[in-house]
Amino acid sequence: MNGGLVRIREVIDQVNPSERKVAAYILEHPQDMIEQSVAQLAANSGSSQAAIVRLCKSLGVKSYQELKLKVAGDLQERKHESSATGYSDIQPNDSIQSIIESVSNNNIQSIRDTVKIVDAAAVERAVAALNGAKRIFFFGVGASNLIAMDAQQKFLRINKTSLSFPDPHVQLTSAVTMTADDAAVGISYSGETSEIIRALTIAKEHGSTTISITKYGDNTVSRTADIPLFTSSTETEIRSGAMASRISQLNVVDILYIGVASRNYDSAVTYLEESRRAIRQR
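A quick note: this is a predicted structure, and the numbers were derived from the prediction, not measured.

Trainee: Sorry, what's going on with the overall build of the protein chain here?
Mentor: Along its length, the protein chain carries 14 helices and 5 strands. For 282 residues, the compact-globule formula gives about 19 Å, and the C-alpha radius of gyration of the protein chain, at 21 Å, lands near that figure. The dimensions of the protein chain, computed from C-alpha atoms along their principal axes, are 65 × 45 × 35 Å. The buried share of the protein chain, reckoned over its 282 residues, is 45%. Within the protein chain, contacts between residues at least 6 apart in sequence are counted, and of these 70% link residues at least 24 apart. Carbon and sulfur atoms provide 53% of the accessible area of the protein chain, an area that totals close to 13700 Å². Side chains of the protein chain carry 30 positive and 31 negative charges; the gap between the two charge centres is 3 Å.

Trainee: Looking at this structure, I do not really get the pattern of salt bridges. What am I missing?
Mentor: A side chain with one charge can pair with a side chain of the opposite charge if their charged atoms come near. Across all of its chains, the model carries 11 salt bridges by this definition. One salt bridge connects Asp-182 with Arg-135, and the closest N-O pair in it is separated by 2.8 Å. Separated by 47 residues along the polypeptide, Asp-182 in the loop between helix 10 (168-176) and strand 3 (183-187) and Arg-135 in the loop between helix 8 (120-132) and strand 1 (136-140) bring together distant segments of the chain. The closest approach of N and O atoms between Arg-223 and Asp-218, which form a salt bridge, is 2.9 Å. Here the salt bridges do not stand alone but share partners, grouping Arg-9, Glu-10, Glu-77, Asp-113 and Lys-116 into one network.

Trainee: Would you explain the sheet that holds strand 5 (residues 227-231) in this entry?
Mentor: By definition, the strands of a sheet pair up through backbone hydrogen bonds, in either a parallel or an antiparallel sense. Taken together, the 5 strands give an open sheet; going across it, the order is 2-1-3-4-5, and neighbouring strands pair in parallel fashion. Single-partner strands in this sheet number two, and they are strand 2 (162-164) and strand 5. Neighbouring strand axes in the sheet, compared pairwise and without regard to direction, differ in orientation by 20° on average. Both strand 1 and strand 2 contribute to a ladder of 3 bridges, which runs parallel. Residue pairing in the sheet places Phe-138 in a bridge with Ser-164 of strand 2. Helix-sheet contacts for helix 11 (residues 194-205) involve strand 1, strand 3 and strand 4 (209-215), and the interaxial angle to strand 3 is about 165°.

Trainee: Would you explain the packing of aromatic side chains in this entry?
Mentor: The relative placement of two aromatic rings is captured by the distance of their centres and the angle of their planes. For the structure on display, the rule yields 4 aromatic pairs. Relative to Tyr-257, the ring of Phe-155 has its centre 5.9 Å away and its plane inclined at 75°; by these criteria the two rings are edge-to-face. Of this pair, Phe-155 sits in helix 9 (residues 143-157) while Tyr-257 sits in helix 13 (residues 244-263); the two residues are 102 residues apart in sequence, bridging distant segments of the chain. Of the two residues examined, Phe-155 and Tyr-257, each falls in the buried class. With 5.4 Å between their ring centres and 70° between their planes, Tyr-216 and Phe-230 make a pair best called edge-to-face. Of this pair, Tyr-216 sits in the loop between strand 4 and helix 12 (220-224) while Phe-230 is found in strand 5, placing the two residues 14 residues apart along the sequence. We note that Tyr-216, like Phe-230, is buried.

Reading the values: the criteria
- Residues numbered from 1 in each chain as written.
- Predicted model: local features only at pLDDT ≥ 70, side-chain atom pairs only at ≥ 80, totals over all residues.
- Heavy atoms only, no water.
- Helix = DSSP H or I, 4+ residues; strand = E, 2+ residues; numbered from the N terminus.
- Rg over C-alpha atoms; globule rule 2.2 N^0.38 Å.
- Buried < 20%, exposed > 50% of the residue type's maximum accessible area, 1.4 Å probe, protein only.
- Contact = heavy atoms within 4.5 Å.
- Areas by Shrake-Rupley, 256 points an atom, 1.4 Å probe, with all protein chains shown as cover.
- Lys, Arg positive; Asp, Glu negative; His and termini not counted.
- Charge placed at Lys NZ, Arg CZ, Asp CG, Glu CD.
- Salt bridge = Lys/Arg side-chain N within 4 Å of Asp/Glu carboxyl O.
- Pairing = 2+ DSSP bridges.
- Axes fitted to C-alpha atoms, helices over the stretch in contact; angles between N-to-C directions.
- Phe/Tyr/Trp six-rings, centres within 6.5 Å; stacked < 30°, edge-to-face > 60°.

In structure tokens, the structure reads:
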């Protein structure tokens, strides 16, 4: 059980000031925190026991004890990780070797952190919804549309009727045509992309199952969706151009794709082999 520190880092800018004090203290003193009671943590962080309870709720954990276990798991994992961890931003006049290592480590860390916060039960529900859907609509704007296009291509290869549209207006138009037999996947790192909120809302109004892929924490897109899925990535400065977040989103799409394919293994393999043959015979 781990992922406590990742969850805290993802939501620290979203919670209220009293919760933020607790979150900041835990990030700075994780080893001390796992040995403290609620009362001790409240005193040491300059906050209150009520704020700790609220923070646990904001983090999606059931209790302070569960949070302690997740933080302890993170610390134990650190001891066994031989490679560099943590995000780093690109600096002026970085060497090519430094850029290679920085970008690669950021992408690796993004996937590692996403694994820590992904909810297996939610993924199971999403896979079941996509597997049973007559049509799957993937909605994304800007860089997130690239993820939507990748998802469409993957699911088409295993004979799942999938659609994605780069034009936000066409996305809204297509959402109007959806039915209870369809599923919609809204992709937005921020979780506040107005076009995606609107598309999922329309799809939901027409009875479709809605799934979201956003950054971890409370946001409008995830609240709109029936099945919220979360990724982890710290996008700042140059990396705000959807670098590490894109990798973690693609990773979640791959998980969903393989989940559906594995439930239709024989037919999926057949379609994949036929598509490869068709491409080779161009």
